[in-house]
Structures are given as C-alpha cells and as structure tokens.
Amino acid sequence: MSSNHLPSRVKLVEMGPRDGLQNEPQTLATGLKVALIERLAKAGHQHIEATSFVSPRWVPQMADAAAVMAQLKRAPDVTYRALTPNLKGLEGALAAGVDEVAVFAAASETFSQRNINCSVHQSLARFETVIERAQQANVRVRGYVSTVMGCPYEGHITPQQVADVSDALYRMGCYEISLGDTIGTGTPRQAKKLIEAVSQKVPMEKLAAHFHDTYGQALANLYAVLEEGVAIIDASVAGLGGCPYAKGASGNVATEDVVYMLEGLGIESGLNLPVLASTGVWISAQLGRVNQSKVGQALSTQK
Ligand SMILES: CC(C)(COP(=O)([O-])OP(=O)([O-])OC[C@H]1O[C@@H](n2cnc3c(N)ncnc32)[C@H](O)[C@@H]1OP(=O)([O-])[O-])[C@@H](O)C(=O)NCCC(=O)NCCSC(=O)C[C@@](C)(O)CC(=O)[O-]
C-alpha cells in the first residue's frame, strides 16, 4: 500500500564509474576513471560503485579494477563498492581493499545466462558462498536484481519473480537489494506494483531503485517509488552507460536530474548540484559523448 509520504532524505548511490563506464564503447584510461571517482566524492557522494571484478573477457572495460582501487585517493566518509560475480572476483576485491561488494542476479533466466553464464538458481548458489566469505572478511554485500520491469529476451517479468529473487538474496545476507529496470521499459504504475510486491519480502528501507532511462520514464518511476517509501536511489552522472546484453538500452537515470528533482521536492541528498553537473560535463567531454543529463545540459548553458 502506498504511504504517499515522501522521505526527507534519500541515499544516492553513484553508478557512473561502474554501470556507466562498463557500457561505454571505449575504455577510459585508468587515471581518468580515478579522477571521475574522486570528483564524484568531491560533489558529495558517499556511496560510489567504483568498478567490478568480473571476467575481462566478458567486460573488458573493467579489466583494470585492481589498478583503479590502488590509485584512488579515498575520502574518509565514502564507501567504495565493487561488483563481484563469484569467489574469484570477491578475492580480487578484498585484496584491493574495497569497502563493500555486490552480487548480481536477475529475475529472468535468459538474462542470467547471457549476463553471468548460469541459471538464476545456479547464481544464487554461487552468491551464497560469496556472501559467506565476504561476511567472514567483515565486508557488506549488496544484492542486485536485474530485469525487474522487463527482459530484453523474455519480455514481461512479474513482480512475484522479482520478489522471489530479492527474498533469496536478502535471506542470504545482502544488506540492501537494488531493483534494476535494466532496459528502462517500466512505467510508474508498474513500478509501484513492483515495490508493493517486493516490500512484502524485503523491508522497504532496504530497497533501492536502479532505473535505466531508455524510454524516458526513469524520473517518473522514481517519483512513484518515492511515494511508496523507497529512499535509496542509484543513478549515473551524465546518464553514462547502456547495457551490453540489451541492445539500445540507455544508461541509468542521470544523477544530476535526480538531484534536481529531489531539491525541488525538498528532499536532501547531500549532493552539490553545480559540482556534480560540472563533473558530468567533464566526463562527457572525456568520452566524446553527448551529456545525457537534461539538468547538466541546462546548467552548462547558463555559464
Ligand atoms: C560470471 C562470469 C565470470 C562467468 O563466466 P564464465 O566464462 O562462465 O566463468 P568461468 O568460471 O568458466 O571462467 C572463465 C574465465 O574467466 C575467468 N574469470 C572468472 N571469474 C573471474 C573474475 N571474477 N574476474 C576475473 N576473471 C574471472 C576465469 O579465470 C577463466 O579465465 P581463463 O582460465 O579462461 O583465462 C562472467 O560471466 C562475468 O564476468 N560476467 C560479468 C558480466 C557483467 O559484469 N555484467 C554487467 C554487470 S551486471 C549489470 O550491469 C546489471 C546491474 C547490476 O547494473 C543492474 C541492472 O541495471 O540490471
């Protein structure tokens, strides 16, 4: 049931260096990745997904994960996280001294096979060992569920499918569950129904919204789930990214656009919008791409 009370504060999780850069056609130099992460921390981000320890054959853009972590000048109040699909990735991430890791499952069987080369069931069994080992090392684990509002291969996904996978990850020990609209096809009513179903299994305060903006629905969907009580949002500076397993998919909703909307709603995020926006302009120039943030574009013309 909708609470219709907006939160007074939202935890923003920056995805640009990981979800964004993993999907850019060109691989950014390690030094520029490090500079991006440091700029994002200066803009006020306290939760940054910095990289992923995945197979370089599958995602060559993330092959320098250890070097990125080694070169980073870490800000004391920032949590730097990395994706870890298996024990090999986890050991790499622990050796690199990440603060947190994340495992990533999908609600769709076909997407799971294409993304991590195993079934949903096999992935959950694999993650159980990753989570146990991370907990032994006192490292918290976030859980992702992809394709929560549609799959590029299977089409419709039910909220119950998402709730079941979320439940499994939460029971295994993931402290937060991030719900990925991987291909950005969701619409606000669907987003509300999704949250209604998943919050029956996982407490609302543990749910994050991770929406891609392919169909231009991400902000509307975020507003819908804020009304439901979600208070954790994943976003990507300049809307960096796409999805290698979902042709034509856009990046995450742009962080600048989310911060602008939150400011308008009187919701605190701790982000400095001008600093963030200039980071978006800078990284777009480094990549030679169009800045996907409308707010970033608007602010850059006002200088
Ligand atoms: C899961 C695997 C590894 C399975 O891939 P596989 O080929 O089945 O793995 P394998 O265990 O058979 O190993 C094959 C080779 O990869 C190596 N390998 C194995 N593991 C690692 C590792 N961790 N780090 C480095 N190397 C690794 C391993 O050592 C071996 O090397 P070889 O002996 O052939 O030289 C592969 O499919 C993979 O890396 N997939 C990652 C895909 C990915 O990163 N996708 C994007 C992230 S998910 C996402 O973006 C969605 C999300 C989270 O944002 C939410 C949303 O929006 O939906």
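Scroll up a little and you will see the structure.
As the structure is a computational prediction, the values presented were derived from the model and not from experiment.

Trainee: Explain the packing of helix H9 (residues 218-228) against helix H10 (residues 255-265) to me, and be specific about the residues and the numbers.
Mentor: Helix-helix packing is characterised by the crossing angle of the two axes and by the distance between the axes. One way to put it is that H9 packs onto H10 with a least axis distance of 11 Å and a crossing angle of 45°. When the axes of H9 and H10 are compared, the pair comes out oblique. Crossing geometry of H9 relative to H10 is assigned as right-handed. Where H9 abuts H10, its residues Leu 219, Leu 222, Tyr 223 and Leu 226 lie against Asp 257, Val 258, Met 261, Leu 262 and Leu 265. Of the residues that constitute the contact of H9 with H10, the class distribution is eight nonpolar, no polar and one charged.

Trainee: Could you give me a rundown of helix H2 (residues 30-42), with the residues and numbers involved?
Mentor: Residue pairs three or four apart in sequence face the same way in an α-helix, which turns once every 3.6 residues. Given a rise of 1.5 Å per residue, 13 residues ought to cover 18 Å, and the 19 Å separating the end C-alpha atoms of H2 matches this to within 8%. For H2, the full list of buried residues reads Thr 30, Lys 33, Val 34, Leu 36, Ile 37, Glu 38, Leu 40 and Ala 41. Count one or two residues on from H2 and you reach Gly 44, which has phi positive near 110°.

Trainee: For the packing of aromatic side chains, give the residues involved together with the corresponding values.
Mentor: Enumeration according to the criterion identifies zero aromatic pairs in this entry. It is Arg 114 that lies over the ring of Tyr 153; its NZ or CZ is 4.3 Å from the centre. In this arrangement the basic side chain of Arg 140 is found over the ring face of Tyr 175, its NZ or CZ atom lying 3.7 Å from the centre.

Trainee: Describe in detail the site of the ligand, supporting the description with residues and values.
Mentor: Around the ligand there are 25 residues in total, and Gln 22, Arg 57, Asn 117, Ser 146 and Thr 182 lie nearest to it. Between the ligand and the protein, one listed contact pairs an oxygen atom with a backbone N or O atom of Ser 55 at 2.9 Å. Mapped onto the shell around the ligand, the elements with two or more residues apiece are helix H1 (16-20), helix H4 (87-95), helix H5 (109-116) and strand S5 (140-146). Its residues assigned to classes, the shell around the ligand comprises ten nonpolar, ten polar and five charged.

Trainee: Outline the pattern of salt bridges, listing residues and values.
Mentor: Under the defined criterion, the tally for this structure stands at 16 salt bridges. In this structure, Arg 142 and Glu 176 form a salt bridge, with 2.8 Å as the shortest nitrogen-oxygen distance. A residue pair is termed long-range when its members are at least 10 positions apart, and Arg 142 in strand S5 and Glu 176 in strand S6 (residues 176-181) qualify at 34 residues. Neither residue differs from the other here; Arg 142 and Glu 176 are each classed as buried. Each of the salt bridges in this network shares a partner with another, and the network as a whole consists of Arg 18, Asp 19, Glu 49, Arg 81, Glu 100 and Arg 140.

Rules of the game
- Residues numbered from 1 in each chain as written.
- Predicted model: local features only at pLDDT ≥ 70, side-chain atom pairs only at ≥ 80, totals over all residues.
- Heavy atoms only, no water.
- Axes fitted to C-alpha atoms, helices over the stretch in contact; angles between N-to-C directions.
- Helix = DSSP H or I, 4+ residues; strand = E, 2+ residues; numbered from the N terminus.
- Parallel < 35°, antiparallel > 145°, perpendicular 65-115°, else oblique.
- Left-handed = near helix turned anticlockwise from the far one by under 90°.
- Contact = heavy atoms within 4.5 Å.
- Nonpolar A, V, L, I, M, F, W, Y, C, P; charged D, E, K, R; others polar.
- Expected span 1.5 Å × (residues − 1).
- Buried < 20%, exposed > 50% of the residue type's maximum accessible area, 1.4 Å probe, protein only.
- Phe/Tyr/Trp six-rings, centres within 6.5 Å; stacked < 30°, edge-to-face > 60°.
- Lys NZ or Arg CZ within 6 Å of the ring centre and 35° of its normal.
- Near = heavy atom within 4 Å.
- Polar contact = N/O pair within 3.5 Å; in protein donor to acceptor, adjacent residues only side chain to side chain.
- Salt bridge = Lys/Arg side-chain N within 4 Å of Asp/Glu carboxyl O.

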